Amino acid sequence: MRQNPSFAMTDVAELRRLVGLHPWATLVSSTEDGLVASHYAVLLDDDRDDLTIVGHVGKPDDLIHGLGSRELLVVIQGPHGYISPSWYGDAASVPTWNFVSVHLSGVPELLSTEENLAVLDRLVAHFESRKADPRLMWEAPNDAAFIERLERGTVGFRLTPTRVVAKRKLSQNKTSEVVESVIAELSGDGPYASAELAAEMRRAADARTRP
């Protein structure tokens with residue numbers, strides 16, 4: 001990802017917030033057969049306060065990626081959306097795309113059976129917790145034999161990134177008036193409205209003006 005210093009994100013707390021809000025990740029590896037990519041949910045390691053993540057892949061994706069033996073790139077895509085040049089007023093301009101993205105790279109550690117079961121359990125609990133009647137992994141009709149078979153079909157991993165590249169491109173190179181115009185359009189009901197992207201732009205704009 002091409003980096004621009006004015007768009008760079010380095011605050012670990014902000015990066016953790018984005019990873020926590022956007023757990024659906026793209027996993028990319030460079031192999032002898034070329035680039036391969038898979039898509040899985042990841043979570044921040046709750047025993048750490050850095051950008052370490054945990055997750056799993058289904059077999060044989062572990063072999064396809066060479067999981068544990070070569071570098072893995074994990075791409076977290078945050079809020080993003082189309083920005084019309086008409087939102088800039090009468091100034092000469094072209095369309096663009098505002099976005100927030102985090103790239104975490106490193107060689108992942110493979111988890112033991114017990115650790116993998118704990119991650120699978122936590123993944124289910126994390127997403128089911130938003131429901132009024134959550135269906136947790138160890139609850140009936142699931143039984144221990146079913147869960148053990150499930151675990152054997154997966155490989156868990158923990159990735160402590162050795163390289164982090166994060167970018168927040170949210171019209172920081174525009175005037176405050178233009179930024180407010182873009183936020184207003186994203187907050188509206190037009191074809192490119194995005195309340196999530198508008199909220200992320202508001203958060204970034206407020207941070208820039210905070211003493």
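Residues numbered from 1 in each chain as written. Predicted model: local features only at pLDDT ≥ 70, side-chain atom pairs only at ≥ 80, totals over all residues. Heavy atoms only, no water.

Peer 1: Help me understand the pattern of salt bridges, please; the structure alone is not making it clear to me.
Peer 2: Pairing of side chains with opposite charge becomes possible as their charged atoms draw close. One pass over the full model with this rule turns up 15 salt bridges. The closest approach of N and O atoms between Glu 115 and Arg 158, which form a salt bridge, is 3.9 Å. Separated by 43 residues along the polypeptide, Glu 115 in helix α3 (residues 113-128) and Arg 158 in strand β7 (residues 154-159) bring together distant segments of the chain. Linking Arg 168 and Glu 200 is a salt bridge whose minimum nitrogen-to-oxygen distance equals 3.7 Å. With Arg 168 in strand β8 (residues 163-169) and Glu 200 in helix α6 (residues 195-209), this pair connects stretches of sequence that are 32 residues apart. Comparing Arg 168 with Glu 200, the two get one shared label, buried. Via salt bridges that share partners, Glu 14, Arg 17, Arg 168, Glu 200 and Arg 203 belong to a single interconnected network. (Salt bridge = Lys/Arg side-chain N within 4 Å of Asp/Glu carboxyl O. Helix = DSSP H or I, 4+ residues; strand = E, 2+ residues; numbered from the N terminus. Buried < 20%, exposed > 50% of the residue type's maximum accessible area, 1.4 Å probe, protein only.)

Peer 1: What is the right way to look at the sheet that holds strand β5 (residues 96-106) in this model?
Peer 2: Sheets are built from strands that pair by backbone hydrogen bonding, the pairs being arranged parallel or antiparallel. Pairing is antiparallel across the open sheet formed by 8 strands, whose spatial order is β6-β7-β3-β2-β1-β4-β5-β8. At either margin of the open sheet sits one strand with a lone partner, and together these are β6 (109-110) and β8. Bridge analysis of strand β1 (residues 24-31) against strand β4 (residues 72-83) gives 4 bridges, and the strand direction is antiparallel. From the neighbouring strand, Leu 27 faces β4, where its bridge partner is Val 74. (Pairing = 2+ DSSP bridges.)

Peer 1: What am I meant to see in the side chain of His 65 here?
Peer 2: When you line up the elements, His 65 lands in helix α2 (residues 61-65). With residues near it in sequence (within four places) discarded, His 65 still touches Leu 27, Val 28, Ser 29, Val 36, Ala 37, Ser 38, Arg 70 and Leu 72. (Contact = heavy atoms within 4.5 Å.)

Peer 1: Looking at this model, I keep getting lost on the side chain of Arg 158. Mind explaining?
Peer 2: Exposure remark for Arg 158: the relative accessible area of 17% places this residue in the buried category. There is a polar contact of 2.9 Å between the side chain of Arg 158 and the side chain of Asp 45. Not counting residues up to four positions away in its chain, the partners in contact with Arg 158 are Asp 45, Thr 52, Ile 53, Val 54, Pro 108, Glu 109, Leu 111 and Glu 115. (Polar contact = N/O pair within 3.5 Å; in protein donor to acceptor, adjacent residues only side chain to side chain.)

Peer 1: What am I meant to see in α6 here?
Peer 2: Since there are 3.6 residues in each turn of an α-helix, residues three or four apart along the chain are aligned in direction. An ideal rise of 1.5 Å per residue puts 21 Å on 15 residues; α6 measures up with 21 Å between its terminal C-alpha atoms. For α6, the full list of buried residues reads Leu 197, Ala 198, Glu 200, Met 201, Ala 204 and Ala 205. Taken around the axis of α6, the buried residues stretch over an arc of 160°, which confines them to a single face. Elements in contact with the buried residues of α6: α1 (12-21), β4, β5, β8 and α5 (176-186). (Expected span 1.5 Å × (residues − 1). Arc of directions from axis to C-beta.)

Peer 1: Before we go on, may I ask you to explain unusual backbone geometry in this structure?
Peer 2: Most of the time, phi is negative for any residue but glycine, and the peptide bond is trans. A cis amide bond links Lys 59 to the next residue, Pro 60, at an omega of 10°. Here Pro 60 shows up in the loop between β3 (53-58) and α2. Here the amide bond leading from Ala 140 into Pro 141 is cis, since omega sits at 10°, within 30 degrees of zero. Counting through the fold element by element, Pro 141 comes out in the loop between α3 and α4 (144-152). Positive phi, normally seen in glycine, also occurs at Ser 171, with a value near 65°. With respect to the secondary-structure elements, Ser 171 resides in the loop between β8 and α5. Residue classification places Ser 171 among the buried residues on the basis of a relative accessible area of 4%.

Peer 1: What should I look at first to understand the packing of α5 against α6 in this one?
Peer 2: Between two packed helices, both the angle of their axes relative to each other and the distance between the axes serve to describe the pair. The interhelical angle for the contact between α5 and α6, taken along N-to-C directions, is 155°, at an axis separation of 8 Å. It follows from the interaxial angle that α5 and α6 lie roughly antiparallel. Of the two elements, α5 crosses α6, and the hand of that crossing is left-handed. Counting all contacts with α5, which are made through Val 179, Glu 180, Val 182, Ile 183 and Leu 186, the residues of α6 involved are Ala 195, Leu 197, Ala 198, Met 201, Arg 202, Ala 205 and Arg 208. Grouping the constituent residues of the contact of α5 with α6 by class yields 9 nonpolar, no polar and 3 charged. (Axes fitted to C-alpha atoms, helices over the stretch in contact; angles between N-to-C directions. Parallel < 35°, antiparallel > 145°, perpendicular 65-115°, else oblique. Left-handed = near helix turned anticlockwise from the far one by under 90°. Nonpolar A, V, L, I, M, F, W, Y, C, P; charged D, E, K, R; others polar.)

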